[in-house]
Amino acid sequence: MNSSQNYVDGFQIMSKINTHLDAQVFVNKYSFDIIEEYEIDKKTPWVNDLLVELEEDNDDEAEYPVATMEIKAQITRKTNTFLNDHLIVRAQLTSHFHLPCGRCLFPLAQELELSLSAAFLHESQEKKPEYAEVTTVFADGHEMELYFYKKGMADINEFIHEQIYIEVTPFPRCEGECKNPVLY
Ligand SMILES: [Zn+2]
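What counts and what doesn't
Residues numbered from 1 in each chain as written. Predicted model: local features only at pLDDT ≥ 70, side-chain atom pairs only at ≥ 80, totals over all residues. Helix = DSSP H or I, 4+ residues; strand = E, 2+ residues; numbered from the N terminus. Buried ≥ 20, exposed ≤ 12 C-beta atoms within 10 Å, placed from the backbone. Contact = placed C-beta atoms within 7 Å. pLDDT = per-residue confidence, 0-100. Pairing = 2+ DSSP bridges.

## Some words on the overall build of the protein chain
For step 1, the next point in the chain: Across its full length, the protein chain holds 3 helices and 9 strands.
For step 2, the next point in the chain: Shown N-terminal to C-terminal, the secondary structure of the protein chain runs as helices and strands in the order α-β-β-β-α-β-β-β-β-β-β-α.
For step 3, the next point in the chain: If one aligns the C-alpha atoms of the protein chain with their principal axes, the spans along those axes are about 60 × 55 × 25 Å.
For step 4, the next point in the chain: Within the span of the protein chain, comprising 184 residues, buried residues form 22% of the whole.
For step 5, the next point in the chain: Within the protein chain, contacts between residues separated by at least 24 positions form 66% of all contacts whose residues are at least 6 apart in sequence.

Structure follows, in structure tokens:
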């Protein structure tokens, strides 16, 4: 083992930041009121899949810089009489990628800076009338996105995927004249 490897290992232990986060997590794995911190990027397969999907409409021949995505997340388990056992997931996402111009397919640089939060409630709560028409819930002192964990698992990937597609510009266009010959 070389010295830089030692440094990296030491840093991870001291800061207690996890660099592994599964797409779905077991709620029972978390202790109540303990915040687990994560820092992941596209070395995590499901994060890479998000980027691949974002760029899937790009022209195969086009050249553009490789996409990046960094996600910092804080996950903690809570319980109270209103929400019962629930998981709070906060995430700060930064991403650079390219989307094709809707007129000429020229790859246009896109940037996302998202600050996200969600509360995952037990699936038995999904049938409650108070959650029928809403997409957010007041939890851990804040209004946040409402999700439900199923079979004991909270789907972090589904939450982040949905929130990305709420923010992404669906059909970007070149500013002014198109950079490629216009196709249609
Ligand atoms: Zn264009």
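## Some details on the confidence of the model for the protein chain
For step 1, the next point in the chain: Summarising the model, the protein chain shows a mean pLDDT of 92, and 91% of its residues fall at 70 or more.
For step 2, the next point in the chain: Considering only residues more than four positions removed or in separate chains, one finds that residues 1-6, a stretch of pLDDT under 50, has 1 contact.

## Focus on the pairing of strand β4 (residues 68-78)
For step 1, the next point in the chain: Of the two faces of β4, the one holding Met69, Ile71, Ala73, Ile75 and Arg77 is buried and the one holding Thr68, Glu70, Lys72, Gln74, Thr76 and Lys78 is not buried anywhere.
For step 2, the next point in the chain: The pairing of strand β3 (residues 36-40) with β4 spans 5 bridges and is classified as antiparallel. Within β4, the position partnered with Tyr38 by the bridge is Ala73.
For step 3, the next point in the chain: Pairing analysis gives 11 bridges linking β4 to strand β5 (residues 86-100), with the strands arranged antiparallel. If you follow Ile75 over to β5, its bridge partner there is Val89.

## Quick notes on the sheet that holds β4
For step 1, the next point in the chain: If you trace the 7 strands from one edge of the open sheet to the other, you get β1-β3-β4-β5-β6-β8-β7, paired in mixed fashion. Every other strand in the sheet has two partners, leaving β1 (17-18) and β7 (136-139) as the edge strands with one partner each.
For step 2, the next point in the chain: With 4 bridges joining them, β7 and strand β8 (residues 142-149) adopt antiparallel strand pairing. Across the sheet, Phe138 pairs through a bridge with Glu143, a residue of β8.

## Observations concerning the environment of Val47
For step 1, the next point in the chain: Topologically, Val47 is positioned in helix α2 (residues 45-54).
For step 2, the next point in the chain: In this view, Val47 contacts Ile40, Asp41, Lys42, Met69 and Ile71; residues no more than four positions away in its chain are not counted.

## Let's talk about the environment of Asp85
For step 1, the next point in the chain: You can see Asp85 is positioned in the loop between β4 and β5.
For step 2, the next point in the chain: Remark: the alpha-carbon pair of Asp85 and Phe120, spanning 35 residues in sequence, is separated by 8.9 Å.
For step 3, the next point in the chain: When residues no more than four places from it in sequence are discounted, the contact partners of Asp85 are Thr79 and His122.

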